[in-house]
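# Working through the structure, step by step
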Amino acid sequence: MKIGFVSLGCPKNQLDTEIMLHHVMEAGYEITAEETEADIVIINTCAFIESAKKEAIDNIIDIGWLKENRSLCGIIVTGCLSERYRDSIFEELPEVDAVLGVGSIHNIVDAIKSIEKGEKYSSYEPKDTVKLGGDRILTTPDYAAYIKIAEGCDNRCAYCAIPSIRGRFRSRKMEDIIAEAKQLEELGVKELTVVAQDVTRYGADIYGEYKLAALLHRITEETKIPWIRILYCYPDKITDELIAEIRDNDRILKYIDMPLQHISDKILRKMNRHGDSAMIKDVLNKLRREIPDIIIRTTFIVGFPGETEEDFDMLCEFVREAKFEHMGAFTYSREEGTPAYDFEDQIDEQTKQNRCDILMGQQMVIDAERNEKLVGKTIKVLCEDYDVVSETYYGRSYMDAPEIDGKVFFTSEKKISSGIFVDIKIDMAEDYDLIGHALI
């Protein structure tokens, strides 16, 4: 049997895919990257917002075509969509043969064997007790990897379905994380990106206090991985200790991803976000003051129920003043099962999209101004690959996270291998990317 994989959604979901890949290969199945060659395809889905659900369903339908017109004999759906909608997936998508909830990823081989017998299969083991971590097959390039330090979320934001899908927040033991980091170092990883639904809460449940700073310090003490990046921080949990660790530890990248979602106190309260606008501004000022070269990425939700023009104008003014190095904006997605689903003053889709376009238009100007200031400077870049079309190499500096930020395209008189650090002099800026040449 040949098994194909489709992994959708965030890096945290990708890590679950990598664990399932390991289980499947350990069981002796052959993995294929070509869906048309597969006997069974496993689709690991996201269902955070409506667009993610649509992408998951579209993928299931597309793969379903192979069952009718090619040799595919089975489809397994895992991840957030299967956890959220469970056995109703069989009713709505009859092409699906097996469904696994997020607590059942370690049962993937059982699902495959059931399909081999011609039987339907479903498993929804308790998500709060699923084993965290485990052996995995990397789907990232050799030089980069993600490491998940916790699962679930306790923040209970009014718009978010993640707590009901992924369960309560559970930290992994620090020793297990360190052991995995060492394994990744042995595989040649040069950039390790630390992820969780809320990395700043790490340790509170099992150690009684926030332990992200201590974890980062131990990773750099016990490995030689040169770049450690952190994603998904919450502003109310960014401690002085964490700021000091980022500032003083040369191998912790001066980069922080901190989704803020809004700045209007009224909207923040309705969202059930922790803290207010004064706290957010205080944290930003402290980060800028203590770590002058820090890169701050954030996201905002526009069109949340009850967001007035005044609230939106307040957000626009804040973005203009804060000048975030990276920013994303999303329209509010009304998700069943969340408190905000039943809120009054829902905003029409066109107004939400207009506000999103305005906010992103502002950010494009800020990005262009920032990139222009980098022209003529020399920056260290982790080379990712060579682009045959443009005949240039490309990579990322510490200022850009994998897959979500911009890239640095550059020429070189000598061949540069993937995973090698190289000094690049920036010659010009173009949209979100930089263009330069290697100093070799």
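Refer to the structure presented above.
Residues numbered from 1 in each chain as written. Predicted model: local features only at pLDDT ≥ 70, side-chain atom pairs only at ≥ 80, totals over all residues. Heavy atoms only, no water.

## A few points about the overall build of the protein
What the protein contains, in helices and strands, is 14 helices and 19 strands. In terms of C-alpha radius of gyration, the protein reaches 22 Å, essentially the compact-globule figure of 22 Å for 440 residues. Its C-alpha atoms give the protein principal-axis dimensions of about 60 × 60 × 45 Å. The buried share of the protein, taken over its 440 residues, is 55%. Relative to all contacts within the protein whose residues are 6 or more apart in sequence, the contacts with residues 24 or more apart total 73%. Total accessible area on the protein is roughly 19,300 Å²; 49% of this is exposed by carbon and sulfur atoms. Within the protein, one finds 55 positive and 83 negative side-chain charges whose respective centroids are separated by 4 Å. (Helix = DSSP H or I, 4+ residues; strand = E, 2+ residues; numbered from the N terminus. Rg over C-alpha atoms; globule rule 2.2 N^0.38 Å. Buried < 20%, exposed > 50% of the residue type's maximum accessible area, 1.4 Å probe, protein only. Contact = heavy atoms within 4.5 Å. Areas by Shrake-Rupley, 256 points an atom, 1.4 Å probe, with all protein chains shown as cover. Lys, Arg positive; Asp, Glu negative; His and termini not counted. Charge placed at Lys NZ, Arg CZ, Asp CG, Glu CD.)

## Some words on the sheet that holds strand S5 (residues 98-100)
Spatial ordering of the open sheet is given by S2-S1-S3-S4-S5-S6, a layout of 6 strands whose pairing is parallel. Looking at strand neighbours, the two that pair on one side only are strand S2 (30-32) and strand S6 (121-123), the edges of this open sheet. On average, adjacent strands in this sheet sit at an angle of 20 degrees to one another, irrespective of strand direction. Bridge count between strand S4 (residues 74-79) and S5: 2 bridges; the pairing is parallel. Bridge pairing links Val-77 to Val-99 in S5. On top of the sheet, helix H1 (residues 11-26) reaches strand S1 (2-7), S2, strand S3 (40-45) and S4; it is set at about 175 degrees to S1, its chief contact. (Pairing = 2+ DSSP bridges. Axes fitted to C-alpha atoms, helices over the stretch in contact; angles between N-to-C directions.)

## Focus: the sheet that holds strand S14 (residues 326-331)
Spatially, the 6 strands line up as an open sheet ordered S7-S10-S11-S12-S13-S14, and their pairing is parallel. Taken across any chain shown, the strands that pair with only one partner, and hence form the sheet edges, are strand S7 (144-148) and S14. For this sheet the average axis-to-axis angle between neighbouring strands, irrespective of direction, equals 20 degrees. Across 5 bridges, S7 lies against strand S10 (residues 191-195) in parallel orientation.

## Quick look at the pairing of strand S16 (residues 392-396)
Burial runs high along S16: 5 of the 5 residues are buried. Here S16 shows no split at all, with Thr-392, Tyr-394 and Arg-396 on one side and Tyr-393 and Gly-395 on the other all buried. Relative to S16, strand S15 (residues 378-387) runs antiparallel, the two being bridged by 5 bridges. Along S16, the bridge assignment pairs Leu-382 with Arg-396. Taken together, S15 and the strand that follows it, S16, pair antiparallel across an intervening segment of 4 residues, in which Glu-391 is found at a positive phi of about 55 degrees. Across 3 bridges, the pairing between S16 and strand S17 (residues 408-411) is antiparallel. Counted as the bridge partner of Tyr-394 is Phe-409 from S17.

## Some words on the packing of helix H10 (residues 240-248) against helix H12 (residues 277-290)
Look at H10 against H12: their axes get within 10 Å of each other, and the N-to-C directions meet at 30 degrees. Accordingly, the angle class assigned to the pair H10 and H12 is roughly parallel. Crossing handedness for the pair H10 and H12: right-handed. Across the interface between the two elements, Asp-240, Ile-243 and Arg-247 from H10 touch Lys-286, Leu-287 and Glu-290 from H12. Of the residues in the contact of H10 with H12, the class split is 2 nonpolar, no polar and 4 charged. (Parallel < 35°, antiparallel > 145°, perpendicular 65-115°, else oblique. Left-handed = near helix turned anticlockwise from the far one by under 90°. Nonpolar A, V, L, I, M, F, W, Y, C, P; charged D, E, K, R; others polar.)

## Observations regarding the layout of surface pockets
By volume, the second largest pocket is sized at about 270 Å³. If you trace the second largest pocket, you find 14 residues lining it, with Gly-134, Asp-135, Arg-136, Glu-180 and Gln-183 closest to the centre. When grouped by side-chain class, the residues that make up the lining of the second largest pocket number 5 nonpolar, 3 polar and 6 charged. (1 Å grid on protein atoms, 1.4 Å probe; cavity = no way out; pocket = protein on both sides within 12 Å on 5 of 7 lines; lining within 4 Å. Points joined across faces, edges and corners; volume = space filled by probe spheres on them.)

## What to know about H12
Along its 14 residues, H12 runs 20 Å from first to last C-alpha, staying within 8% of the 20 Å computed at 1.5 Å per residue. Buried within H12 are the following residues: Ser-277, Met-279, Ile-280, Val-283, Leu-284 and Leu-287. Around the axis of H12, the buried residues are gathered within 165 degrees of arc, so they sit on the same side. Its side-chain oxygen at 3.3 Å from the backbone nitrogen of Ala-278, Asp-276 defines the N-terminal cap of H12. (Expected span 1.5 Å × (residues − 1). Arc of directions from axis to C-beta. Polar contact = N/O pair within 3.5 Å; in protein donor to acceptor, adjacent residues only side chain to side chain.)

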